[in-house]
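Overview (structure and organization)
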Amino acid sequence: MREQRAPTFFELYSPKLLTVLREGYRLGDLKSDMVAGLTVAIVALPLSMAIAIASGVTPDRGLYTAIVGGFIIAALGGSRFQIGGPAGAFIVLVAATVAQHGVDGLLLATMISGMIMLVIGFLRLGTFIKYIPYPVTVGFTSGIAVIIFASQVKELLGLTLSGPEPGAIVPKVEALVMALPTLNLAAVCVAALSIGTIIVVRRFRPTWPAFLIAVGFASIAAWLLHLPVETIGTRFGGIPRSLPVPHLPDLSLDKVQAVLPAALSFALLGGIESLLSAVVADSMSGRRHRSNAELVAQGLANIASPLFGGFCVTGTIARTATNVRAGARGPVSGMLHALFLLLFMLVAAPLASYIPLAALAGILAVVSWNMAEKHAFAVLIRASRGDAVVLLATFLLVVFRDLTEGILVGFGLGALLFLHRMAQAVAVDRPQGATGGTTGGTSGSIIEGDVADTSNGNGRRPYDSALASDPDIAIHRISGAFFFGAAASVDAALDRIGVHPKAHVIDVSSVPMLDSTAAITIEGFARKAKRHGALIYVAGADPSIRRVLHNHGVRPPLVRFRVDLADAVAAARKEIARLADAGRPPH
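Note that the coordinates shown come from a computational prediction; the quantities given were computed from them, not determined experimentally. (Residues numbered from 1 in each chain as written. Predicted model: local features only at pLDDT ≥ 70, side-chain atom pairs only at ≥ 80, totals over all residues. Heavy atoms only, no water.)

**Notes on helix α6 (residues 134-157)**
The end-to-end C-alpha separation of α6 is 35 Å, in line with the 34 Å expected for 24 residues at 1.5 Å each. When the local axis directions of α6 are compared, the greatest deviation, roughly 30°, occurs at S151. Most of α6 sits out of view: 21 of its 24 residues are buried. Where α6 ends, the next residue or the one after it, G158, has phi of about 65°, a positive value. (Helix = DSSP H or I, 4+ residues; strand = E, 2+ residues; numbered from the N terminus. Expected span 1.5 Å × (residues − 1). Bend = angle between axes of the 7 residues up to and from the residue. Buried < 20%, exposed > 50% of the residue type's maximum accessible area, 1.4 Å probe, protein only.)

**Let's talk about unusual backbone geometry**
Peptide bonds are trans in most cases, and residues, glycine excluded, mostly fall at negative phi. For the bond from P556 to P557, the omega torsion is 5°, close enough to zero to count as cis. Positionally, P557 belongs in the loop between α22 (543-551) and β6 (560-562). Its identity is not glycine, yet R124 carries a phi of approximately 60°, on the positive side. Note that R124 resides in the loop between α5 (91-122) and α6. Classification of R124 as partly exposed rests on a relative accessible area of 41%. For H226, which is not glycine, the phi torsion reads 50° and is therefore positive. With respect to the helices, strands and loops of the structure, H226 is situated in the loop between α9 (210-224) and α10 (232-236). Under the relative-accessibility criterion, H226 is labelled exposed at 68%.

**Overview of the pattern of salt bridges**
Applying the stated rule across the entire model yields ten salt bridges. Notably, a salt bridge pairs R560 with E575, separated by 3.8 Å at the nearest N-O pair. Taken together, the residues R560 in strand β6 and E575 in helix α23 (residues 565-581) connect sequence positions 15 residues apart. Look at R560 and you get partly exposed, because its relative accessible area is 28%. Through salt bridges with shared partners, one network takes in K154, E155, E230 and R235. (Salt bridge = Lys/Arg side-chain N within 4 Å of Asp/Glu carboxyl O.)

**A word on the sheet that holds strand β3 (residues 473-479)**
Read from one edge to the other, the open sheet built from four strands follows the order β3-β4-β5-β6, with strand pairing classed as parallel. Two strands lie at the open edges of the sheet, namely β3 and β6, each paired on one side alone. Pairwise comparison of adjacent strand axes, ignoring direction, gives a mean angle of 25° for this sheet. Alignment of β3 against strand β4 (residues 503-510), held across six bridges, turns out to be parallel. Looking at β4, one finds that I473 is bridged to A503. Those strands touched by α23 are β3, β4, β5 (535-539) and β6, and its axis lies near 165° from that of β5. (Pairing = 2+ DSSP bridges. Axes fitted to C-alpha atoms, helices over the stretch in contact; angles between N-to-C directions. Contact = heavy atoms within 4.5 Å.)

Here's what the structure looks like:
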């Protein structure tokens, strides 16, 4: 096989937009991207304003972020389907930064975070973000969901606090409980109408824009019934009908030093969130993003967004998934989504004044419910004590302490858990004849010496050259510890397989240890292969590895387990022949 040459700098950092254009971009593709872009814009419109308000800034800044940042991320990014904009994950950090440093401090911190992302991208450190253990990802995502919901209780119930709303979760809950006598029944009804509309529309008309319909119903109801609820108009005075003139925030050295910790947090969270979103798009589309190119685009977007009054911008998982499901062909859909939002500002901005804040809070309540990875959380709690410790430590620190602290501590615990599992996975065989027999023990030589072929038993099968040359069956042999640090490399190697065989056999007989991140990697590959009509077999999994795989969804009917590689290949050939005889080939 010819050795692959190393990609050039331009190939690594060229936007996916150029890739799509080189493939041949036709009128039909533009029409599909227009429909997808409009669909995503309809979702992003109320969500961008809701996130901005929850973050402690005016709703127009959420739109500026989605328009400027979203356009740049789509035009220059390394992901074909990424949709950029304000993200719910940033609400806590942004609100804390605004409270401590004001809006100018937020804009400066955002710009510095963009510069940090540029450095990370150009140093090709983006791939290291993929090494975050799966329990850490689930823990901080679920923690953020709890914080977002807590931040919306005031608007959901129409409460009036005696002072500013605390940022920390415990004082916040105490303040909300003290304010319960001020509950506004009209606001509760508007919020319930918003949430109920979203649930009903998603249940019976899943392709309709549930968020926009909910905001529309709630706004009309509040206006017609003259309900005593706060709206965007009563609190913020409406939304401007154009983008502001670009200007630089205060760049004094003292201010830079003051906001640097916030900028580092923005960069860390932005990198994680955007690459997670790109991975989701990859799993849905079968394509593959370039992580460092994506981070460079994120950096440029976060530098440009504050110039127009926007704040932190990142890839957003829900909007990106909507983009893929809506039939997008490439980055043009993301660019058009930004232009459609700009068109709304130019034409329909006055209508935003009638939107009740309780309706937007209802949207974020639904977002937080969907964001909490409830099934994954429950699976990890049951999977093993180690995964449960990492998950709960990350979750509790994010909720009660700090987001960055939760991620770092979770990553550290994940590394310690890996070392512990590796220590348990190491086995030392007693050399034959050391005690006059072949019974096992714990003493002997750690270095494995040469042994005769007969020492492996008389059941050894002769070498079958068809295992390496059968075009219908692809065999993937994984050797060594398969954990969160190796999962990204294995995932990339599996994705680079250009052919689509009728069956995949994943041989894990040489894997001494496998963690939850690795299990999720195999599960994702199996689902992608299944979409291509392929059979998937896992060979040589010992009971402990099979238990981890089962806990994370790698089980029949998605995959089939066999004792060893030869048995798996034989079963695959038999099943392929059976399906062919029945007129139902795997493809």
